[in-house]
Amino acid sequence: MELNISLSPEILFNLGPIPVTNSLFWSLIISVFLMLFFYRAGRNLKTRPSKFQNLIELLIEESYKFTGLITNNPQRTKKIFPLVLTMFIFILACNLFTFMPGQSAVSIQTEQGLVPVFRAVMADYSMVFVLTAITVILVQIITILTNGPFNYLKKFINLGGPLKFFLGVMELIGELAKIISLSFRLFGNIFAGEVLGLVILSLIPFFVPLPFLFLSLLTSVIQAFVFSVLTLVFANMASQIPENE
Amino acid sequence: MEMEQEVFKTLGAGLAMGLGAIGPGIGEGIIASRALAAIGRNPSADKKIVPLMFVTMAIAESTGIYSLVIALIILFG
């Protein structure tokens, strides 16, 4: 039994000096699809909405209400909402495209042998890492803006005593661990779902993989939700001025 | 000798993942049971409780994710 599992995405073709991998290819296709979809949705808005417009309005209104429930502040909600909803929709679309039937059979012949054209976009660590980098850099910028640069540095390097210094170092490690846990949560879940599906499919090909497919469908929705909600919570926590001791 | 190293690598990855999944499993169970109990006590507060439950579950899951990273590094790194 030979299973084809690789951590890194396969290279489809080279565009000059840039190698184009299958996950990059699919993330571009999904991005274009989403852009066209929402351009079409926002082009002719009517006061009496069509069914399609109703659906989009429902999605945006409900998620706006939900964001307001967490931030508890209309101004902050207005600022953070576009980023969080975009992240949610992009991750959800990437994860759900994995369940399109028949896509895993499509493959092309390259120099490295037979390469599948489709790969779950979030099962490529570089993609997830970029999303996490956006979150983490945003959180640092918000912290600096609310506390001022001096207080921001004081949070990590505090020379007011051995205990405070130690707590500052722990804070720094906590920030670094945030990057790892946030990115590997999404990556690990999607990658594990792919591998699990492959293993079960190679053991028993009929009917038995169905519950596992359902489980990974559930995970992909929940992980998209968790990633965007954690972004929201981190940004919201950073924008609150800490109480004075 | 090389064969033995491969065997121990696979064994280590399996152990890392299996043992690392115990803690998050128990923790997430506790979180879910408490959240459900809270919703049962006050059903109108579910909109505030459910997102908080998912976020705390995600944080409880972190150690499991760390062991997954270790297992992947052992297997493929």
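Every chain's residues receive numbers from 1 upward, in the order its sequence appears when written. Numbering of ligands from 1 and lettering of chains from A proceed in the order in which they are written. For this predicted model, a pLDDT threshold of at least 70 governs which residues receive local features, and a threshold of 80 or more governs which side-chain atom pairs are given and counted, while totals over whole chains, interfaces and linings are taken from all residues. Heavy atoms throughout the structure, all of them, feed into the side-chain values; hydrogens and water do not.

1. A look at the pairing of strand 4 (residues 113-116) of chain A
All names here are of chain A. When strand 3 (residues 107-110) meets strand 4, the two strands line up antiparallel, connected through 4 bridges. From the neighbouring strand, Ser107 faces strand 4, where its bridge partner is Pro116. Only when DSSP finds a minimum of two bridges between them are two strands counted as paired. Helix and strand labels come from DSSP, where a helix needs a run of H or I of at least four residues and a strand needs a run of E of at least two; each type is numbered from the N terminus. Counting the residues between successive antiparallel strands, the hairpin from strand 3 to strand 4 contains 2 residues.

2. Concerning the confidence of the model for chain A
Averaged over every residue, the pLDDT of chain A is 84; the share at 70 or more is 97%. Element-level mean pLDDT values for chain A span from 76 in strand 4 of chain A up to 90 in helix 3 (residues 74-96) of chain A. The pLDDT value tells you how sure the predictor is about a given residue, anywhere from 0 up to 100.

3. Some words on the nonpolar core
What we call a nonpolar core is a set of buried Ala, Val, Leu, Ile, Met, Phe, Trp, Tyr and Cys residues that are connected through their side-chain atoms within 4.5 Å. Exposure categories follow from relative accessible area, calculated using a 1.4 Å probe and restricted to protein chains: below 20% of the type maximum is buried, above 50% is exposed, and the middle band is partly exposed. Membership of the largest hydrophobic core comes to 48 residues, with the highest contact counts inside it found for Trp26, Ile30, Ile91, Met122, Leu186, Phe227 and Leu230 of chain A. Broken down by secondary-structure element, the contributors of at least two residues to this core are helix 1 (22-43), helix 3, helix 4 (125-147), helix 6 (162-203) and helix 7 (209-238) of chain A together with helix 3 (46-60) and helix 4 (62-76) of chain B. Of the residues forming this core, the biggest block, 12 residues, is contributed by helix 3 of chain A. Setting aside anything within four residues of it in sequence, one finds Met122 of chain A in contact with Phe90, Ile91, Cys94, Asn95, Met127, Val128, Leu131, Leu186, Phe187 and Ile190 of chain A. Contacts are residue-level and defined by heavy atoms, with any inter-residue pair within 4.5 Å sufficient.

4. Notes on the packing of helix 4 of chain A against helix 6 of chain A
All names here are of chain A. Axis lines are fitted to C-alpha atoms, over the contacting stretch for helices. Their N-to-C directions set the angle, which ranges from 0 to 180 degrees. Between helix 4 and helix 6, the shortest axis-to-axis distance is 9 Å and the interhelical angle comes to 140 degrees. What the angle tells us is that helix 4 and helix 6 run oblique. In the packing of helix 4 onto helix 6, the handedness of the crossing is right-handed. Contact residues: helix 4 offers Tyr125, Val128, Phe129, Thr132, Thr135, Val136, Val139 and Gln140, while helix 6 offers Glu175, Lys178, Ile179, Leu182, Ser183, Phe184, Leu186 and Phe187. The class makeup of the residues in the contact of helix 4 with helix 6 is 10 nonpolar, 4 polar and 2 charged. Orientation labels follow simple angle bins: below 35 degrees gives roughly parallel, above 145 gives roughly antiparallel, 65 to 115 gives roughly perpendicular, and whatever is left gives oblique. The handedness criterion is simple: a crossing whose near helix is rotated anticlockwise from the far helix by less than a right angle is left-handed, and one whose near helix is rotated clockwise is right-handed. Residues are grouped as follows: nonpolar covers Ala, Val, Leu, Ile, Met, Phe, Trp, Tyr, Cys and Pro; charged covers Asp, Glu, Lys and Arg; every other residue, Gly included, is treated as polar.

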